[in-house]
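# Structural features, examined
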Amino acid sequence: MIKRAHFKARFLPYLLILPQILVTLTFFYWPAVQGILQSMMISNPFGGRDQWVWFDNFKDLFTDPLYLKSLVITLGFSAATALTALLVGLFIASQANRALKAKAAIRTLLIWPYAVAPAISGILWLFLLHPNYGVVAFFLKRTLGIDWNPILDGFDALVMIVLASAWKQISYNFVFFLAGFQAIPHSLIEAAAMDGAGPTRRFWTIILPLLSPTLFFLMVMNIIYAFFDTFGVIHTITQGGPAGMTTTLVYKVYKDGFVGLNLGSSAAQSVVLMTLIILITVLQFKYVERKVQYAG
Amino acid sequence: MVEKTPILDLLTYIFLVLGICVVGFPIFYALIAATLPIEMVSRVPMPLLFGDQFGANIQAAWHRGNLGTLLFNSFVMAAGITLGKIAVSMLGAFSIVYFDYRLRAVAFASVFCTLMLPVEVRILPTYEVAANLLGPVQVLVDLLHIETLVNWFLQNDIQIRLELSLLDSYPGLILPLVASATCTFLFRQFFLTVPEELCEAAKMDGAGPMLFLRKILFPLSKTNIAALVVIEFVYGWNQYLWPLLITTRREMTTAVIGLQHLIPDVDDIPDWNVALAGALIVMLPPVLVVLFMQRWFVKGLVEREK
């Protein structure tokens, strides 16, 4: 789209968009093309030319039990993280929306974890859940008799990174849900109340359906967050271990590419991730279009 | 709400206090730990009372983590990303919305294809570009056999090797993360809502495009820019994967990454008090930015959805 009233100039518009194009070309298109090319090659460990192998890297990838394990772990981890963060965020926002007093204070007290880096969130939760020094681990052992050890036990470690990742995302979801709640016309709720619907019934039959666009948007954002932004949590506190139980796809790209120096496989993994995120984006845009039509 | 529900209201406040406590507990606990001496912090469960070692722990974390330098790096990176993104995307959006030129649609499409593609999915090739920024030019040189051409022309044997590395440098930390279409998209959406009459009036008064941008569009965008400053500053400060790759020297990394060296291993002395004091220092700047600019932050965040 362009404005009806616009300027005419020969070189200025090109000059204005040049920085954006340059940055995009060098740090997006060029690497993307390189990545795709590299994903079809294997590098020669003794130097010399790379060998063109077409889709062998992808074939190897999807027959590699470690990669499939990482895929399953990532899906489980993302689902758990997104679900936890969404449910807690939705619950707290619904309560904050009902509160009549101290709204600003409540919002302030719930909003700040957004600014905490994932890696720092990881450190805080490692301290709480540490097998030797963590207070949560201590109480789990004393009251429930659970031998909690995220440093040695893979499943415990997975739970730990879910908690550390979800905690930070709660405030993000909270902000959106609260804005969503406040955008619901009060007249609808009053009408429902007149018809005899209590607060709980109103929540399920009026508020939640009207909130569904926000819910869908947040679901996408939370899954993207869990996939890509949680690298910091994992790298700081578990390094993908124990026994690879916290190796998500992004962490595996990093490990295979930069630690293992298996460039072909790492590039193929990047391409898989790129495809995945393009699919998610397309899905989201399709939905956004529907939403606009619905609204207007 | 609509009807009087005293019990439900009471429950609401109880749940809210509970929620705030659960969300705040990790920080509260870290804050206490950061004030305790090491013998107290390694006792399980740790006493829930503030100690008097806060200053000493902060100092220890500051020195051991080299936080002075690292915080400065973090600040340069976050500020660079914020300013870079806003400047690049504002000019880009202005060009796309307010000018009519032949390659407009191409420019628009090529920028918006990159929407939502984080650096995490293309780390390795982006790293290679950063390691040698002139790599693309070199490929061109090799492809066109410019080397042979130059050698023939100069009657000499010269090898052309173009190299410009961004590793361990501020531009390397900043530039790849400036490549993002989200801000451009936001500015475009905003510019489209600006009334047509403003531009017509400006043109009638004889203002050129740059004057229009500076005197009318920029002042109108101030709240949007404030919102973006908060979001991008937090984003830049909290980056992890990219600074980890692009920096090899300890004094060039960012504070968030430097923290990792403070966490005690299983066999180390369990000086969690120092590690948590460091974590508190590093998270303070973005938390302050979010809290003090809360209004713009919420507005900006929610508007990203559209």
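Everything numeric in this text was worked out from a predicted model, so none of it was measured.

### Observations regarding the interface of chain A and chain B
- With 106 residues of chain A at the interface, the matching set in chain B holds 113 residues.
- Both faces considered, chain A and chain B share a buried interface measuring about 10,200 Å² in area, 75% of it formed by carbon and sulfur atoms.
- Area buried by chain A at its contact with chain B is led by A:Lys3, A:Phe7 and A:Phe27, which between them contribute 9% of it.
- Among the ionic pairs, A:Arg98 bridges to B:Asp9, the shortest N-O distance being 3.0 Å.
- Seen at the junction of chain A and chain B, the total is 14 residue pairs in polar contact (both at pLDDT 80 or more).
- Of the residues contributing to the side of chain A that touches chain B, the split by class is 72 nonpolar, 25 polar and 9 charged.

### Considerations on the pattern of salt bridges
- The full count for this structure, using the stated rule, is 7 salt bridges over all chains.
- Here A:Lys141 makes a salt bridge to A:Asp147, at a shortest N to O gap of 3.4 Å. We note that A:Lys141, like A:Asp147, is exposed.
- The residue B:Glu251 makes a salt bridge to B:Arg249 at a minimum N-O spacing of 3.1 Å.

### Structural notes on the packing of helix α4 (residues 67–98) of chain B against helix α10 (residues 182–193) of chain B
All names here are of chain B.
- Following both chains from N to C, one finds α4 and α10 inclined at 45°, their axes separated by 8 Å at the closest point. Overall, the two elements α4 and α10 adopt an arrangement that is oblique. Note on packing geometry: the crossing formed by α4 with α10 is right-handed. Counted together, Lys85, Ile86, Ser89, Met90, Gly92, Ala93, Phe94, Val97 and Tyr98 of α4 and Cys183, Thr184, Phe187, Arg188, Phe191 and Leu192 of α10 form the full contact between these two elements.
- Here the contact of α4 with α10 is composed, by residue class, of 10 nonpolar, 3 polar and 2 charged.

### Details of the layout of surface pockets
Residue and element names in this part refer to chain A.
- In this model, the second largest pocket occupies a volume close to 560 Å³.
- In this structure, the second largest pocket is lined by 25 residues; those nearest its centre are Ser94, Gln95, Arg98, Pro199 and Phe203.
- Among the elements that line the lining of the second largest pocket, the one with the most residues is helix α3 (residues 65–98), at 9 residues.
- In the lining of the second largest pocket, the residues fall into 18 nonpolar, 5 polar and 2 charged.

### Notes on the environment of A:Gln51
Residues and elements named next belong to chain A.
- Position of glutamine 51 among the secondary structure elements: in strand β2 (residues 51–52).
- Separated by 45 residues in sequence, glutamine 51 and alanine 96 have C-alpha atoms that sit 59 Å apart.
- Residues contacting glutamine 51, with those up to four places away along its chain left out, are Met40, Met41 and Ile42.

Rules used in this analysis
Residues numbered from 1 in each chain as written. Chains lettered and ligands numbered in written order. Predicted model: local features only at pLDDT ≥ 70, side-chain atom pairs only at ≥ 80, totals over all residues. Heavy atoms only, no water. Contact = heavy atoms within 4.5 Å. Buried area = accessible area lost by both parts, 1.4 Å probe. Salt bridge = Lys/Arg side-chain N within 4 Å of Asp/Glu carboxyl O. Polar contact = N/O pair within 3.5 Å; in protein donor to acceptor, adjacent residues only side chain to side chain. Nonpolar A, V, L, I, M, F, W, Y, C, P; charged D, E, K, R; others polar. Buried < 20%, exposed > 50% of the residue type's maximum accessible area, 1.4 Å probe, protein only. Axes fitted to C-alpha atoms, helices over the stretch in contact; angles between N-to-C directions. Helix = DSSP H or I, 4+ residues; strand = E, 2+ residues; numbered from the N terminus. Parallel < 35°, antiparallel > 145°, perpendicular 65-115°, else oblique. Left-handed = near helix turned anticlockwise from the far one by under 90°. 1 Å grid on protein atoms, 1.4 Å probe; cavity = no way out; pocket = protein on both sides within 12 Å on 5 of 7 lines; lining within 4 Å. Points joined across faces, edges and corners; volume = space filled by probe spheres on them.

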